[in-house]
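Secondary and tertiary structure notes
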Amino acid sequence: MFVPNRSLAQDNISSLRKYIQVKSSIAEGGTELFEYHGVTYLISVVPIVVSSKSEIQCKTVGNAKAKKEMLGYINGTDITSSTILTNSETCTTTLEGTKVECKQEYVESIKESVLGTISQVTPLGGWYSPDRTVYYFSIYKVI
């Protein structure tokens, strides 16, 4: 009697993962609350650029990023932004004359901080984009 219930729970999680992957608004990243079969889930999905990473490496990176995403949803984030304008001028004198080069550069720096801890988070699963350049990893927490 215990085994069928466990199988039913796994079927629910599999169908929930399929919904998140194909039909949800967070299929390519984000965090949202979902109610499924009377249970409320907090689900986070993060994209990882594959490049030369193995699937195990993608899952490891994805797990950390998804927890950060979920914590940001729960506790909020502290975002700071700064913009720096740099002006430079270079003079070069040759037999042909003087050449002056002026350069202006904008550098924008954005930092996001998330504080907190999260427990009882379970991997929902991962999937590749159709061209296999991005791996999406998802986690969930029952609320």
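The structure contained in this document is the topic of the report that follows. Since the model is a prediction, treat every value here as computed from it, not as a measurement.

Regarding the nonpolar core
- Among the nonpolar cores identified, the biggest contains 13 residues, and Ile20, Ile26, Tyr41, Ile43, Val45, Leu124 and Tyr140 are the most heavily contacted of them.
- Mapped by element, the contributors of at least two residues to this core are helix H1 (2-22), strand E2 (39-49), strand E5 (122-128) and strand E6 (134-142).
- Excluding anything up to four places from it in sequence, Val45 contacts Ile20, Ile26, Ala27, Gly29, Gly30, Trp127, Tyr136, Phe137 and Ser138.
- Val46, Ile48, Val50 and Tyr135 belong to the second-largest nonpolar core, a separate cluster that totals eleven residues.

Let's talk about the sheet that holds strand E1 (residues 30-36)
- A sheet is described by the order of its strands in space; here four strands give the open sequence E1-E2-E6-E5, paired in antiparallel fashion. Two strands bound the open sheet, and with one partner strand each, they are E1 and E5. Averaged over all pairs of adjacent strands, the angle between strand axes in this sheet comes to 25 degrees, irrespective of strand direction.
- Relative to E6, E5 is paired through six bridges, and the arrangement is antiparallel. Residue pairing in the sheet places Thr122 in a bridge with Tyr140 of E6.

Topic: the state of the cysteines
- Counting across every chain of the model gives zero disulfides.
- Cys91 takes part in no disulfide bond, and the closest cysteine sulfur, belonging to Cys102, lies 7.8 Å away.

Section: the environment of Thr90
- Residue placement: Thr90 occurs in strand E3 (residues 78-94).
- As a C-alpha pair, Thr90 and Thr77 span 13 residues in sequence and 42 Å in three-dimensional space.
- The residues contacting Thr90, other than those within four sequence positions of it, are Lys99, Val100 and Glu101.

Side note on the packing of aromatic side chains
- Inspection of every chain in the model, using the stated rule, returns four aromatic pairs.
- On the basis of an interplanar angle of 80 degrees and a centroid distance of 6.1 Å, the ring pair of Tyr19 and Phe34 is categorised as edge-to-face. In this pair, Tyr19 sits in helix H1 while Phe34 sits in strand E1, placing the two residues 15 residues apart along the sequence.
- An angle of 70 degrees between the planes, with centres 4.8 Å apart, marks the rings of Tyr128 and Tyr135 as edge-to-face.
- Its relative accessible area of 0% is what places Tyr135 among the buried residues.
- The ring centre of Tyr128 lies 3.9 Å from the NZ or CZ of Arg132, which sits over that ring.

Criteria and cut-off values
Residues numbered from 1 in each chain as written. Predicted model: local features only at pLDDT ≥ 70, side-chain atom pairs only at ≥ 80, totals over all residues. Heavy atoms only, no water. Core = buried A, V, L, I, M, F, W, Y, C linked by side-chain atoms within 4.5 Å. Buried < 20%, exposed > 50% of the residue type's maximum accessible area, 1.4 Å probe, protein only. Helix = DSSP H or I, 4+ residues; strand = E, 2+ residues; numbered from the N terminus. Contact = heavy atoms within 4.5 Å. Pairing = 2+ DSSP bridges. Axes fitted to C-alpha atoms, helices over the stretch in contact; angles between N-to-C directions. Disulfide = S-S within 2.5 Å. Phe/Tyr/Trp six-rings, centres within 6.5 Å; stacked < 30°, edge-to-face > 60°. Lys NZ or Arg CZ within 6 Å of the ring centre and 35° of its normal.

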